[in-house]
Amino acid sequence: MRLGYYYHIPACTKNGKITIAGFFGRFLDSLAKNVDHLTLFLHEPNKNENANFDYKINSPNVNLVLLEPRGSVPYRMLHSKKFGRQINEHKAEIDALVIRGPTPLLPKLANSIQPVPVILQIVGDYVAGVNSLPQPAWRKELIRVWSRYNMRGELQVARKSLVIVNSHQLLNLFTNNASELIELQTTTLNQEDFFHRDDTCNKPPIQILYTGRIDPAKGLFDMVRAIALVVKSGEDVILNLVGWVDSRGKIIDEIERLSISLGIGERVIIHGYKAMGADLFTYYKKADIYLSASQTSEGFPRSIWEAMAHGVPVVATRVGSIPDYVSGAAELIEPMNIQEIANGLQRVIHEPERRKHYIKNGYALARNNTLEIRSSEMSIIIGNYLQRMNTKEGR
């Protein structure tokens, strides 16, 4: 099976190796092991794009077709035919094209590649995320209108495609709107990444960790305020924030100002971006509790799997598919409730049996959701789908 794969993140080549963001590169390397050939259709970086190229593709059966720099969403929409032609030139080299979405070019690319079958791998919902954008109200409404337009295009493609989603919410969204629909969890973990331990929180200060995008929608200001409450109650805790920042925002300065105003400036440490793998996993190994305080619906944060794989008990808000996937294996709390976040942290700190239960159950859940397992499942699902399509068309 020869797969093509499109997504809107950038890639480049260095010393003859395809280099890309770690979370995505790990997945692609794992998928490549289950197919005959994998052709990546990815964008060349913009001149001012500060992308995190921290992973080199190792599989020998992967090649990269560099598309022109993606530019802004309006630019992509205006030049969609050009991007479609770039992919269309290679359609004889692939048996199917996987398009990861949501992405602005999804409807146009799916139409341009016909009659090559299209598989949609949907990992989010633009419409659901509009309210959390750091934009003025008038601009949010414009984005909402465009997001709904783009969603209609996605659904039109989905009605004649195999659709693979990674959450219950997306499963419900595409039910009755897909030719075939499968829910398949996503992860960044290989089998060798796991780090076993029975307990944490054994000595102060208690290290609380968040990893991921440094974004207000992730509840970072709620985290800081909750830490202030925990400290006020007499706990010795440190909040460690690890991740990348949207260059358009000033959130780092805002977090620092808030923590100083609450008297916990020295207890909130911003470590910046760390490469996927050993650099990032070091922080999990040192953590006592992992905190996810997302305010709005999302699929499922892959960082929760990473924490569980490193024996870190998780405190997380009930948003998206988090309660669907980890109920009973994490301390679940209500979003945007600072006192609840503080209470959840204190329960995990002071109740060792509860904490050990979360560590044990979380580790077992993560063990069953590795890249080796999911990539194999995905390739089998796609292969069976293509076989049914070929039989149906008499090929």
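Summary of the structure given here.

Analysis parameters
Residues numbered from 1 in each chain as written. Predicted model: local features only at pLDDT ≥ 70, side-chain atom pairs only at ≥ 80, totals over all residues. Heavy atoms only, no water. Helix = DSSP H or I, 4+ residues; strand = E, 2+ residues; numbered from the N terminus. Rg over C-alpha atoms; globule rule 2.2 N^0.38 Å. Buried < 20%, exposed > 50% of the residue type's maximum accessible area, 1.4 Å probe, protein only. Contact = heavy atoms within 4.5 Å. Areas by Shrake-Rupley, 256 points an atom, 1.4 Å probe, with all protein chains shown as cover. Lys, Arg positive; Asp, Glu negative; His and termini not counted. Charge placed at Lys NZ, Arg CZ, Asp CG, Glu CD. Pairing = 2+ DSSP bridges. Right-handed = clockwise from strand over helix to strand, strands pointing away. Axes fitted to C-alpha atoms, helices over the stretch in contact; angles between N-to-C directions. Left-handed = near helix turned anticlockwise from the far one by under 90°. Nonpolar A, V, L, I, M, F, W, Y, C, P; charged D, E, K, R; others polar.

On to the overall build of the protein, then. Looking only at helices and strands, one finds 15 helices and 16 strands in the protein. Taken against the 2.2 N^0.38 rule, which gives 21 Å for 395 residues, the C-alpha radius of gyration of the protein at 22 Å falls within 12% of a compact globule. Taking the principal axes of its C-alpha atoms as reference, the protein extends roughly 70 × 45 × 45 Å. In the protein, buried positions account for 53% of the 395 residues. The long-range fraction of contacts in the protein, counting pairs at least 24 apart against all pairs at least 6 apart in sequence, stands at 70%. Here the protein displays about 17500 Å² of accessible surface, and carbon together with sulfur accounts for 50% of that area. Side-chain charges of the protein comprise 47 positive and 40 negative groups, with the mean position of each set lying 5 Å from the other.

Two faces, one strand: in a regular strand the side chains alternate between the faces of the sheet. What you see with strand 9 (residues 162–165) is no split at all: Leu162 and Ile164 on one side and Val163 and Val165 on the other are buried throughout. One ladder, built from 4 bridges, connects strand 8 (residues 118–122) with strand 9; its direction is parallel. The residue of strand 9 that forms the bridge with Ile119 is Leu162. As paired elements, strand 9 and strand 10 (residues 180–183) share 4 bridges and run parallel to each other. Looking at strand 10, one finds that Val165 is bridged to Glu183. Read from strand 9 through helix 7 (residues 168–174) to strand 10, the crossover connection turns out right-handed.

Time to look at the sheet that holds strand 2 (residues 12–14). Strand pairing in a sheet relies on backbone hydrogen bonds, with the paired strands running either antiparallel or parallel. With antiparallel pairing, the 3 strands of this open sheet are ordered in space as 2-3-5. Sheet topology places strand 2 and strand 5 (55–56) at the edges, where each strand pairs with a single neighbour. Note that strand 3 (residues 17–20) and strand 5 share 2 bridges and pair antiparallel. Directly across from Thr19, in strand 5, lies its bridge partner Lys56.

A sheet is described by the order of its strands in space; here 7 strands give the open sequence 6-4-1-7-8-9-10, paired in parallel fashion. Bordering the open sheet on either side are strand 6 (62–67) and strand 10, each of which pairs with just one other strand. Between one strand axis and the next, the sheet turns through 20° on average, direction left out of account. Taken together, the 6 bridges between strand 1 (residues 2–10) and strand 4 (residues 37–43) define a ladder with parallel strand orientation. Looking at the pairing, Tyr5 lines up with Leu40 of strand 4. Packing against the sheet, helix 3 (residues 80–88) makes contact with strand 1, strand 4, strand 6 and strand 7 (96–101), and its axis sits at approximately 155° to strand 6.

Looking now at the packing of helix 11 (residues 302–309) against helix 14 (residues 352–367). Relative orientation of the contacting elements helix 11 and helix 14 amounts to 115°, with a least axis distance of 8 Å. Here helix 11 runs over helix 14; the crossing is left-handed. Of the residues in helix 14, those touching helix 11 at Trp305, Met308 and Ala309 are Gly362, Tyr363, Leu365 and Ala366. When its residues are assigned to classes, the contact of helix 11 with helix 14 shows 6 nonpolar, 1 polar and no charged.

Worth remembering: the numbers are spatial, not functional.
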